[in-house]
Amino acid sequence: MNDASRIRVLIVDDHSVVRMGLKVFFDLQDDIEVVGEAADGSEGVAMARRLEPDVVLMDLLMPNMDGITAIGRIKAERPETEIVTMTSFIEEEKVTSALEAGASGYVLKDADAEEVAGAVRAAFAGEVHLDPAVARLLAQRMRNRKSNADELAEPLTDREKDVLNLLGHGMSNKEIGATLFITERTARTYVSNILGKLGLASRTQAALYAVEHKLVDTPKG
């Protein structure tokens, strides 16, 4: 696989052993290239600006600038850069803050390397990857808030419901477009409209909303 088709990854973590271990593993992958390493959030923002990676693997607890702040800065400057949060703990406030800041994935540091690579690939494809424990936590949070969200300020159109259904299946904008015979840009617009109407901050939250409100159909077979 040539360099142009590889996923360019920036690793941001204050532990050098973590960075080294991930780089050694990614160097063995045909489709992933580590283009840089940063030891704190501030350095990570600067390197993301300079290197323009496809995906950033971001630790949350770091000196100088924490991961959540760094996620927000990077997404504000480069919304096309996908960010996967990588941490050693599950804390509801941190999880939701990271996703609301723009992270598209959340993996735990005790996950095996293949899962981390899977999260990178999913993010690059515009998909969501959540550690199962994180997904359960967010689903519970949405159940607790369900009574407040049952009545939408603006009802979804039939087409928006179609898009939300596909979001619930974890599809990327490109896959949604292909399934509904619309352009990827149009699919992105529908997703943006859905987030606005539902008062959600990310496609991850939209996917969970679709599942919790039984808006995801079950494949027939």
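Residues numbered from 1 in each chain as written. Predicted model: local features only at pLDDT ≥ 70, side-chain atom pairs only at ≥ 80, totals over all residues. Heavy atoms only, no water.

A. View of helix α1 (residues 16-26). For α1, the full list of buried residues reads R19, L22, F25 and F26. Here the buried residues of α1 occupy an arc of 135 degrees about the axis, which is enough to place them on one side. Opposite the packed face of α1, turned more than 90 degrees from it, sit the exposed residues V17, M20 and V24. (Buried < 20%, exposed > 50% of the residue type's maximum accessible area, 1.4 Å probe, protein only. Helix = DSSP H or I, 4+ residues; strand = E, 2+ residues; numbered from the N terminus. Arc of directions from axis to C-beta.)

B. Geometry of the sheet that holds strand β6 (residues 129-130). A sheet is described by the order of its strands in space; here six strands give the open sequence β2-β1-β3-β4-β5-β6, paired in parallel fashion. In the strand order of this sheet, the two ends are held by β2 (32-38) and β6, each with one partner. Sheet analysis places strand β1 (residues 7-12) next to strand β3 (residues 55-59), joined by four bridges and oriented parallel. Within β3, the position partnered with L10 by the bridge is V56. (Pairing = 2+ DSSP bridges.)

C. Representation of the nonpolar core within the structure. Core analysis: the biggest nonpolar cluster contains 24 residues, and L10, V12, V56, M58, I71, I74 and Y106 have the highest contact counts within it. Of all the secondary-structure elements, those providing two or more residues to this core are β1, α2 (41-51), β3, α3 (67-77), α4 (92-101) and β5 (105-108). Counting residues per element, this core draws most heavily on α2, at four residues. With residues up to four places along the chain from it excluded, the contact list for V12 reads A38, D40, G41, G44, V56, L57, M58, D59 and M62. Within the second largest apolar cluster, 18 residues are counted, among which are V34, V116, A117 and A119. (Core = buried A, V, L, I, M, F, W, Y, C linked by side-chain atoms within 4.5 Å. Contact = heavy atoms within 4.5 Å.)

D. The side chain of E82, seen in detail. With respect to the helices, strands and loops of the structure, E82 is situated in strand β4 (residues 82-87). Nearest to the buried, unbridged E82 among oppositely charged side chains is K75, at 4.1 Å. A polar side-chain atom of E82 sits 3.2 Å from a polar atom in the side chain of S104. Among all residues touching E82, those that are not within four sequence positions of it are D54, V55, V56, K75, S104 and A123. (Lys, Arg positive; Asp, Glu negative; His and termini not counted. Salt bridge = Lys/Arg side-chain N within 4 Å of Asp/Glu carboxyl O. Polar contact = N/O pair within 3.5 Å; in protein donor to acceptor, adjacent residues only side chain to side chain.)

E. Local environment of unusual backbone geometry. Here the phi dihedral of E52 falls at roughly 50 degrees; this positive angle occurs in a residue that is not glycine. As for its position among the elements, E52 is in the loop between α2 and β3. Taking the relative accessible area as the measure of exposure, E52 reaches 44% and is therefore partly exposed. Its identity as a non-glycine residue notwithstanding, F181 has a phi of 60 degrees, on the positive side. Summarising the element assignment, F181 is placed in the loop between α8 (173-180) and α9 (184-198).

F. Broad picture of the pattern of salt bridges. Across all of its chains, the model carries 11 salt bridges by this definition. The salt bridge partner of D13 is K109, with a shortest N-O separation of 2.9 Å. Linking D13 in the loop between β1 and α1 with K109 in the loop between β5 and α5 (113-124), this pair joins segments that are 96 residues apart in sequence. Using a relative accessible area of 0% as the deciding quantity, one classes D13 as buried. Judged by its relative accessible area of 29%, K109 falls in the partly exposed class. The partner of D162 in a salt bridge is R159, and the shortest N-O contact between them spans 3.9 Å. With a gap of three residues between them, D162 and R159 both fall in helix α7 (residues 158-168), about one helical turn apart. What makes D162 partly exposed here is its relative accessible area of 34%. The network of salt bridges with common partners includes D13, D59 and K109.

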